[in-house]
Amino acid sequence: MSLIAIAERIEQWPLAMYIAESRYAFPLIEGVHLIGLSIAVGLLFITDLRLAGVVLKRLPAVQVLHQLRPWVLGGFVVIFITGGLLFLASASSLVTSAIFAWKLLFIVLAGINAAYFEFVIARKTEVHDGQVVLPHAARYAAIASLGLWSVVIVCGRMIPYLS
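A brief structural summary. (Residues numbered from 1 in each chain as written. Predicted model: local features only at pLDDT ≥ 70, side-chain atom pairs only at ≥ 80, totals over all residues. Heavy atoms only, no water.)

1. A few points about the overall build of the protein chain
Then comes step 1: The secondary structure content of the protein chain amounts to eight helices and zero strands.
Then comes step 2: For the protein chain, the sequential pattern of α-helices and β-strands runs α-α-α-α-α-α-α-α.
Then comes step 3: Its C-alpha atoms put the protein chain at 55 × 30 × 25 Å along the principal axes.
Then comes step 4: Of all 163 residues assigned to the protein chain, the portion counted as buried reaches 36%.
Then comes step 5: For the protein chain, the proportion of contacts with a sequence separation of at least 24, taken over those separated by at least 6, is 74%.
Then comes step 6: Approximately 9,700 Å² of the protein chain is accessible, and the part contributed by carbon and sulfur atoms is 71%.
Then comes step 7: Treating the 11 positive side-chain charges of the protein chain as one cloud and the 8 negative ones as another, the clouds have centres 9 Å apart. (Helix = DSSP H or I, 4+ residues; strand = E, 2+ residues; numbered from the N terminus. Buried < 20%, exposed > 50% of the residue type's maximum accessible area, 1.4 Å probe, protein only. Contact = heavy atoms within 4.5 Å. Areas by Shrake-Rupley, 256 points an atom, 1.4 Å probe, with all protein chains shown as cover. Lys, Arg positive; Asp, Glu negative; His and termini not counted. Charge placed at Lys NZ, Arg CZ, Asp CG, Glu CD.)

Set out below in structure tokens:
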């Protein structure tokens, strides 16, 4: 069975049909998706800008990370749930969309970058001891995160126009 055939079957699910055909479901889910995006990526950008040494320089990076992490993760949970629901409604057009494929690729790369930061870079003592200037690896991971998530957002906004 091809990927397009699987996507077409997904679109026949009752939930997918409801989202696609309802006057309010798709825009409401998309609105919640955008709210989750603004919370997660907005706070992630603040965190990344702190790690890069651009803002909140007097606050220890570990304090910023610990206070914003639950909100960032909560926002990402909302994004992934609502993104999955939006996918159900238009799966066949999305699986054939090059820009959607690029968006998914950049999400994976951003996830790898985040995992590398969390499990390798952030475990180093320099990140936790309250230094104002962090190791170069932390700064590079933050700059990569800013770039990758920016590209994810741009790709997401281009989907309706390039699919």
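Read on for the rest.
2. Description of the packing of aromatic side chains
Any aromatic ring pair is given by two values, namely how distant the centres are and how the planes are angled relative to each other.
Then comes step 1: Here the structure, examined in full by the defined rule, presents four aromatic pairs.
Then comes step 2: Each ring, one from phenylalanine 76 and one from tryptophan 149, has its centre 5.0 Å from the other, and the planes form 45°; the classification is tilted. Placement of the pair is phenylalanine 76 in helix 4 (residues 61-89) and tryptophan 149 in helix 8 (residues 136-162), with a sequence separation of 73 residues.
Then comes step 3: The buried category is assigned to tryptophan 149, whose relative accessible area is 10%.
Then comes step 4: Taken together, the aromatic side chains of Phe76, Phe80 and Trp149 make up a single cluster linked through ring pairs. (Phe/Tyr/Trp six-rings, centres within 6.5 Å; stacked < 30°, edge-to-face > 60°.)

3. A few points about the environment of proline 160
Then comes step 1: The residue proline 160 is located in helix 8 in this model.
Then comes step 2: Looking at proline 160, the relative accessible area reads 54%, which means it is exposed.
Then comes step 3: Placed 60 residues apart in sequence, proline 160 and phenylalanine 100 show a C-alpha to C-alpha distance of 9.8 Å.

4. Details of the nonpolar core
Then comes step 1: Residues Leu44, Phe76, Phe106, Trp149, Val152 and Ile159 are the most contacted members of the largest nonpolar core, which totals 17 residues.
Then comes step 2: Residue assignment for this core shows that the elements contributing at least two residues are helix 3 (25-51), helix 4, helix 6 (98-121) and helix 8.
Then comes step 3: Isoleucine 159 has contacts with Leu94, Ile99, Phe100 and Lys103, leaving out every residue within four places of it along the chain.
Then comes step 4: Within the second largest apolar cluster, eleven residues are counted, among which are Leu51, Ala61, Ala138 and Ala142. (Core = buried A, V, L, I, M, F, W, Y, C linked by side-chain atoms within 4.5 Å.)

5. Some details on a nonpolar patch on the surface
Then comes step 1: Together, Trp102, Leu105, Val108, Leu109 and Ile112 make up a nonpolar patch on the protein surface, roughly 470 Å² of accessible area in all.
Then comes step 2: Within the element layout of this structure, tryptophan 102 appears in helix 6. (Patch = residues over 30% accessible without salt bridge, like charges linked within 9 Å, V, L, I, M, F, W, Y side chains within 5 Å. Salt bridge = Lys/Arg side-chain N within 4 Å of Asp/Glu carboxyl O.)

6. Considerations on the environment of isoleucine 6
Then comes step 1: Here isoleucine 6 is to be found in helix 1 (residues 3-11).
Then comes step 2: Measuring from C-alpha to C-alpha, the distance between isoleucine 6 and valine 95 comes to 9.8 Å, with 89 residues separating the pair along the chain.

7. A look at the packing of helix 2 (residues 14-21) against helix 4
Then comes step 1: Interhelical geometry of helix 2 versus helix 4 gives an angle of 85° and a closest axis separation of 7 Å. Between helix 2 and helix 4, the angle falls in the class roughly perpendicular. Contacts between helix 2 and helix 4 involve Leu15, Ala16, Ile19 and Ala20 from the former and Leu85, Leu88 and Ala89 from the latter.
Then comes step 2: Looking at the contact of helix 2 with helix 4 residue by residue, the class counts come to seven nonpolar, no polar and no charged. (Axes fitted to C-alpha atoms, helices over the stretch in contact; angles between N-to-C directions. Parallel < 35°, antiparallel > 145°, perpendicular 65-115°, else oblique. Nonpolar A, V, L, I, M, F, W, Y, C, P; charged D, E, K, R; others polar.)

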